[in-house]
Structures are given as structure tokens and as C-alpha cells.
Amino acid sequence: MQGVVNVDDLRKLAKRRLPRICYDFIEGGTDDEVGLVTNEQAFRRQRVIPRYLVDVSVRDQSTTLFGRTYSSPVGIAPTGLADLFRRGADLMLAEAAREANVPFIMSGHSSSSIEDLAKLAPNHGWYQIYSAVDPSISEDMIKRVSDAGLKTLVFTVDVPETSNRERSIRHGWGPSRKLPWKTRFEALRHPLWMMEWLQHGTPYFGNWTRYAGENASAEQVADFVSNQFRAPMAWKTVERYRELWKGNFVIKGIMHPDDALLAHSLGVDGVIISNHGGRQLDNAPSSLEVLPTVCEAVGDRMTVMLDGGVRRGLHVLIAICAGAKFVFQGRPTLYGVAAGGVMGASKALEIFRREIDISMAQIGAAKIVDLGPQFLKRKDET
Ligand SMILES: Cc1cc2nc3c(=O)[nH]c(=O)nc-3n(C[C@H](O)[C@H](O)[C@H](O)COP(=O)(O)O)c2cc1C
């Protein structure tokens, strides 16, 4: 992809190709979008102290997670409704992850199915579940993930209610599906995206069709999913899923050390510290801010991962220095897939890989295990 040097270049390409309603869905946060800014600023504000005269001529960024060695410590976070940005996006992201040998977490609101993911990327695909109002649906999904042979289940817990996304509201996004003319006319200015839409129509929630009824239209499935969305969640849900799921079990959206400890006491293997990319609770702290307290609380007892605001390879290293075992990013690979399909998603991962490699040399760490808090300037240091 000519002219693409960093993640922000991919963002600009995605912005050009997508109608504003779609681009703003990717880009937006909730309320005043404080959380969105906080996530990125936390990385920008962190200072890193390099060590020189260390042999970094050969560098290795491979990282072992849940017994599997990945080529790089940054994977793809789950992002729902990705087919809105490019048809087949979920599997394109999975393919890019497989080729780069990093994990891809399929969203519980994907268009492609668990079974298709398992066929395409059996060793790299993880599945993210949202708790459904009808527990038999969630339980069946867990069974499907297990039958398909996937090894890691991620339970997202930070969506107790649909959040206030004002960019989407202004575009007329809502249950009535009657988009204002202004939004429709704007979409016409993006002919490549428009052609895909005319060819394929409204995307399906691929994993939910069978529960909504095999003959349900995409819109009927969407209504069904929306009615199933606000399931009352409690720690007993975690207990139940742990009972049913024998593989690696991860909770995504944890921000408080006591919640991480509770998760550990119920047999959860890992947590992804996340504020959902600033899309749920606007004034939540950034993931990087709370990472050290969670790590301190759980120690080596569970795998602590992080997402939110990671835009550079150096950010990945900062998160690892601050205690994360592995890092995920959501928007960068979405920009990539929207801009250029598999090639675009691969480009995003390649950019991270290259920047991580260069930054490891700059810091003075030849291997990921060499990273630690000694490289981070503490706030009380002058
Ligand atoms: C368009 C979009 C859709 C998302 N959908 C989901 C989802 O279905 N499930 C989920 O757990 N998180 C979802 N997220 C949150 C991401 O998994 C991740 O936490 C967030 O994007 C990380 O922040 P970043 O985009 O700054 O990397 C979504 C994020 C975006 C941008």
C-alpha cells in the first residue's frame, strides 16, 4: 500500500473510503469522548528511559501466551459490525492475523461465523461472547466454540447498557433504520462502499441467525440480537461459563483490581484491561493507568492483557513494561481492513511489527522478556 507509513495513514484512507456514518462508528467514543482521548494520551505522556551499550543486534519479539508462541505481542481485539466497513471483514482480519501469527478475537457481533473462523484460523482465532438474555443461546454458542476446536473464549463484561454515542445518533443510527437524507446523500459520495452495499445489502449477525430463525432477514436478526443484548450479568454468569468452557477463559473489560481478583477466584485464566476503546463509560481511566494496580493485585496468578489507544509499536512495549503480558488493538486493523481488505489489515500488523522492532533497539531490549518497569520513568521522578 503505497504511501502508508503509519497507522494514521491507514485511518485517513479508511476515512476517505467510508461514508461518514461508518467512519464515525469506528472512530467515535461515548458522551464527550474523553475516554477516547485519555487512552491515547496515556501512551503519549509516558516517558521511556533507554539503556545503551546493550547488544540489540538480534531482536526477537515473539511472545508466548497460553502455551502458544506468537510472532509479535500485539493481536486484534474484537470489533463488531465489521462487515459494515468491508464485506467479509471478520475473516479478512482473521487471515491477516494468521499470516502474521498473532491472535484474532472474533466479535460476538461478527457477520462471519464461529465455524468459518475455526476453518480459516484454527490456531489464531479466539471468540468473544456477549451474554444473551436467553442463557441457552450463550450456552449453545460456548458449545459451538468448543466443537469448532477454538481454544480461547473471551467474555466481554463492560457493556451493561448501550452507551451514548452521539456521533451515531446525529447520523440517524437507530432501531427505525430510517436514515436522514443527509446521511444517505453523504454515503453516495463513497461509490466503492456503496457498490458493496447495493450488492450485499444489510450485513447479518452471522452467529445469531440460527437463533433468530433461519429465514429471518438481516434486519430481523439485528432486532433479535438487540433484544438479547441487555442480559442481566453477574459473577454467577462467569461461574457458569467457566463450568461450561474448558479452554482458556478470558474476561475483557476489567478495570478494577478487585474484579481481577474475583475473576481469578472463579478460575478465569486472563483479563484484558480495557475501557472498550472509550466507547462505554466516558470518564473511565485509560487502560494503561490502571494496568499496574491490576498487575500488582494478581501477580503471576493470571495473564493480564490490555487494549485501548495503542497506535504505535512503542505503545505496545510501554504496556508490556507496565506489566501487560500481551496487547490488543482494535481500530488500527479496522482502518486497515476498511482501506484495503486483507492487505490493509496485514499492513497495520506489519507497521506494528516494524515499529516494535525499532523501538526494542532504541530501548535496549533484545527480547520481550527483557522489558520491565525499569524502562519507565515514574511520575515522582524528576
Ligand atoms: C467499531 C468497534 C467495534 C467494537 N466492537 C466490539 C465488540 O463487538 N466486542 C468487544 O468486546 N469490543 C468491541 N470493541 C472494543 C474493542 O474490542 C477494543 O476494546 C477497543 O477497540 C480498543 O481500543 P482501540 O480501538 O483504541 O485499540 C469495538 C471497538 C470498535 C472501534
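Residues numbered from 1 in each chain as written. Predicted model: local features only at pLDDT ≥ 70, side-chain atom pairs only at ≥ 80, totals over all residues. Heavy atoms only, no water.

A.B. asks: Sorry, what's going on with the overall build of the protein chain here?
C.D. replies: Assigned secondary structure in the protein chain consists of 16 helices and ten strands. Against the 2.2 N^0.38 benchmark of 21 Å for 382 residues, the protein chain shows a C-alpha radius of gyration of 20 Å, consistent with a compact globule. Considering only C-alpha atoms, the protein chain reaches an extent of 65 × 50 × 40 Å along its principal axes. Taken over 382 residues, the protein chain has a buried fraction of 55%. A separation threshold of at least 6 residues defines the contact pool for the protein chain, and within that pool the share at least 24 residues apart is 72%. (Helix = DSSP H or I, 4+ residues; strand = E, 2+ residues; numbered from the N terminus. Rg over C-alpha atoms; globule rule 2.2 N^0.38 Å. Buried < 20%, exposed > 50% of the residue type's maximum accessible area, 1.4 Å probe, protein only. Contact = heavy atoms within 4.5 Å.)

A.B. asks: Can you help me understand the pattern of salt bridges in this one?
C.D. replies: Within the structure shown, the criterion is met by 19 salt bridges. Among the ionic pairs, Arg210 bridges to Glu115, the shortest N-O distance being 3.8 Å. Of the two residues, Arg210 is situated in helix α10 (residues 209-212) and Glu115 in helix α5 (residues 114-120); the sequence distance between them amounts to 95 residues. You can call Arg210 partly exposed: its relative accessible area is 43%. Assessed through its relative accessible area of 25%, Glu115 is described here as partly exposed. A salt bridge links Lys143 to Asp147; the shortest N-O distance between them is 2.7 Å. Remark: Asp147 and Lys143 occur in helix α6 (residues 135-148); sequence separation between them is four residues, near one turn of the helix. (Salt bridge = Lys/Arg side-chain N within 4 Å of Asp/Glu carboxyl O.)

A.B. asks: How should the packing of helix α4 (residues 89-100) against helix α16 (residues 331-363) be read in this particular structure?
C.D. replies: Packed helices, taken two at a time, are described by the angle between their axes plus the distance between the axes. Interaxial distance between α4 and α16 falls to 8 Å at its minimum, and their mutual angle equals 10°. Judged by the angle between their axes, α4 and α16 are roughly parallel. Along its contact with α4, which presents Ala89, Met92, Leu93, Glu95, Ala96, Ala97 and Ala100, the element α16 presents Thr333, Leu334, Val337, Gly341, Val342, Ala345, Ser346 and Leu349. Of the residues that constitute the contact of α4 with α16, the class distribution is eleven nonpolar, three polar and one charged. (Axes fitted to C-alpha atoms, helices over the stretch in contact; angles between N-to-C directions. Parallel < 35°, antiparallel > 145°, perpendicular 65-115°, else oblique. Nonpolar A, V, L, I, M, F, W, Y, C, P; charged D, E, K, R; others polar.)

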